[in-house]
Amino acid sequence: MQTRNRVLVLGSLNMDLVVGSERVPLSGETIFGRSFATFLGGKGANQAVAAARLGVPVGMVGAVGGDAFGAQLADTMAQEGIDTSALQRTEGVSTGIALVMVEPGGRNTMIVVPGANGEVAPDAALASLDQLAPIRLLVAQFEIRMDTTWQVIHAAQARGIPVLLNAAPARAEAPAYFRGLDYLVVNEQEAACLAEQSVDNPALAAQAAHKLAGWGVLVVIVTLGVQGAVVVANGISQHIPAVPVEAVDSTAAGDAYIGGLAWALTEGQPLERAMTVAGCCGALAVTRLGAQPSLPTRTMLEAFMRERHI
């Protein structure tokens, strides 16, 4: 068990069922796939593993079912060196499942069945803030109960713990909930949903980020895939270009970005450099198939950055 958890991840744990296909089927249509595999996933678990593989101590708060998938997820998290003492095991409920369809070029679509992720109760999650202290950064997403997510975020803020919220998947939430967030990270779809505007290029991303920063968020980052990322901090926007790679599967690229960002920030790296590191983590992830298997280690990341003189 970790004696210090600099990063606490509150979020989902899923088993990903990944189908390779030439395209997504139309309504009522049956097509043949080209491959099938199972991978450990869930945004929370992915982000926890992504940070842990870079060397930061991590604690995980979430829930799995009392089934074989749940046992496999819990065991693998522990093998990654993640503190799972606050992980709930819920009998009579299935572990979360994600059905992922991957097209040539790495594009993917996904259907998620939350299962035990919907059972993460506020009381148990709130207790983890003391159970897994000291905490230098709380990382959260939108794949578990929203009342639990917001209660833990606001309790962390009251304790002076910085919060990094990856507002994914896209959903509309009241602006007041975001007040005081240290870091808000969204992709173009999530930014468009929250800011209620189109976000498909860096200029529009900066416009949306300024609007979200106006909700009382200190740093807003909008990731744009091959177009890089845009950040707004202290009223100033900046575009960080992407690192070009040959994409195989974009699953968990965003989670790799969050894990890399969390690690770099807790290492005390400046924001621009932290975003560059995070972008390299995301770039590495799209070059490999699957969610957690694609997440880079620190050795892989350092070699990747040296090769590109980053």
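Residues numbered from 1 in each chain as written. Predicted model: local features only at pLDDT ≥ 70, side-chain atom pairs only at ≥ 80, totals over all residues. Heavy atoms only, no water.

Caption draft 1: Expanded view of the overall build of the protein. A count of helical and extended segments in the protein gives nine helices and 13 strands. Its C-alpha atoms give the protein a radius of gyration of 18 Å, within 12% of the compact-globule value 19 Å for 310 residues. In terms of overall dimensions, the protein has C-alpha extents of about 50 × 40 × 40 Å along its principal axes. Classification of the 310 residues of the protein by burial places 53% in the buried group. For the protein, restricting intrachain contacts to residue pairs at least 6 apart in sequence, the fraction spanning at least 24 positions comes to 68%. Carbon together with sulfur atoms contributes 54% to the accessible area of the protein, which is approximately 12,800 Å² in total. Computed over 19 positive and 27 negative side-chain charges, the inter-centroid distance for the protein is 6 Å. (Helix = DSSP H or I, 4+ residues; strand = E, 2+ residues; numbered from the N terminus. Rg over C-alpha atoms; globule rule 2.2 N^0.38 Å. Buried < 20%, exposed > 50% of the residue type's maximum accessible area, 1.4 Å probe, protein only. Contact = heavy atoms within 4.5 Å. Areas by Shrake-Rupley, 256 points an atom, 1.4 Å probe, with all protein chains shown as cover. Lys, Arg positive; Asp, Glu negative; His and termini not counted. Charge placed at Lys NZ, Arg CZ, Asp CG, Glu CD.)

Caption draft 2: Quick look at the nonpolar core. One finds Val 58, Leu 164, Ile 221, Leu 261 and Leu 301 to be the most contacted residues of the largest nonpolar core, which totals 56 residues. Top element by residues in this core is helix α8 (residues 271–285). It accounts for nine residues. (Core = buried A, V, L, I, M, F, W, Y, C linked by side-chain atoms within 4.5 Å.)

Caption draft 3: Spatial organisation of helix α2 (residues 68–79). With twelve residues, α2 should cover 16 Å at 1.5 Å per step; its first-to-last C-alpha distance of 16 Å lies within 8% of that length. Among the residues making up α2, those that are buried are Gly 70, Leu 73, Ala 74, Thr 76 and Met 77. Projection of α2 onto a plane perpendicular to its axis shows the buried side chains occupying an angular sector of 165°, all on one side. Facing away from the buried side of α2 by more than 90 degrees, the exposed set consists of Ala 68 and Gln 79. Buried residues belonging to α2 abut β2 (14–20), β3 (35–41), α1 (43–53), β4 (58–65) and β5 (87–90). Just past α2, the residue Gly 81 takes up positive phi, approximately 85°. (Expected span 1.5 Å × (residues − 1). Arc of directions from axis to C-beta.)

Caption draft 4: Representation of the packing of helix α7 (residues 253–266) against α8 in the model. It is the contact of α7 with α8, at a shortest axis distance of 7 Å, that shows an interaxial angle of 145°. The interaxial crossing formed by α7 with α8 has right-handed handedness. For the pair α7 and α8, contact is made by Ala 253, Ala 256, Tyr 257, Gly 260, Leu 261, Trp 263, Ala 264 and Leu 265 and by Leu 271, Ala 274, Met 275, Val 277, Ala 278, Gly 279, Cys 281, Gly 282 and Ala 285, respectively. Residues of the contact of α7 with α8, tallied by class, amount to 14 nonpolar, three polar and no charged. (Axes fitted to C-alpha atoms, helices over the stretch in contact; angles between N-to-C directions. Left-handed = near helix turned anticlockwise from the far one by under 90°. Nonpolar A, V, L, I, M, F, W, Y, C, P; charged D, E, K, R; others polar.)

Caption draft 5: Region of the structure containing the sheet that holds strand β11 (residues 219–223). In spatial order, the strands read β5-β4-β1-β8-β9-β10-β11-β12-β13; together these nine strands make up an open sheet with mixed pairing. Each edge of the open sheet carries a strand with a single partner, namely β5 and β13 (236–240). Pairs of neighbouring strands in the sheet enclose a mean axial angle of 15°, with direction left out of account. In terms of strand pairing, β4 meets β5 through four bridges, oriented parallel. Its bridge partner being in β5, Ala 63 is matched across the sheet by Gln 88. Lying on the sheet, helix α5 (residues 188–195) is in contact with β9 (163–166), β10 (183–187) and β11; it crosses β10 at an angle near 110°. (Pairing = 2+ DSSP bridges.)

Caption draft 6: The pairing of strand β6 (residues 96–102), seen in detail. Most of β6 is tucked away: six of the seven residues are buried. Sheet topology places β2 next to β6; seven bridges connect them, and they run parallel. Along β6, the bridge assignment pairs Asp 16 with Ala 98.

Caption draft 7: Representation of the side chain of Asn 46. By the element assignment, Asn 46 lies in helix α1. Here the side chain of Asn 46 touches Gln 292 through a polar contact of 3.5 Å, side chain to side chain. (Polar contact = N/O pair within 3.5 Å; in protein donor to acceptor, adjacent residues only side chain to side chain.)

Caption draft 8: Molecular detail of the side chain of Asn 117. Relative to the helices and strands, Asn 117 is located in the loop between β7 (108–113) and α3 (122–131). Polar side-chain contacts of Asn 117 include one of 3.0 Å to the backbone nitrogen of Leu 13. In this structure, Asn 117 is in contact with Gly 11, Ser 12, Leu 13, Asn 14, Ala 63, Gly 96, Glu 143, Ile 144 and Arg 145, ignoring residues within four places of it in sequence.

Caption draft 9: Here's a closer look at the sheet that holds β3. The strand order across the open sheet built from four strands is β3-β2-β6-β7, with neighbouring strands paired in mixed fashion. The strands lining the two open edges of the sheet, one partner per strand, are β3 and β7. Sheet twist, expressed as the mean angle between neighbouring strand axes with direction ignored, is 20°.

Caption draft 10: Looking closely at the pattern of salt bridges. Within the structure shown, the criterion is met by nine salt bridges. As a salt-bridge pair, Arg 6 and Glu 267 come within 3.0 Å of each other at their nearest N and O atoms. Of the two residues, Arg 6 sits in the segment before β1 (7–10) while Glu 267 sits in the loop between α7 and α8, which places them 261 residues apart along the sequence. Judged by its relative accessible area of 16%, Arg 6 falls in the buried class. Assessed through its relative accessible area of 36%, Glu 267 is described here as partly exposed. Arg 308 is the partner of Glu 307 in a salt bridge, and the nearest nitrogen-oxygen pair spans 3.3 Å. Relative accessible area serves as the criterion here: at 59%, Glu 307 is assigned to the exposed category. Residue classification places Arg 308 among the partly exposed residues on the basis of a relative accessible area of 35%. (Salt bridge = Lys/Arg side-chain N within 4 Å of Asp/Glu carboxyl O.)

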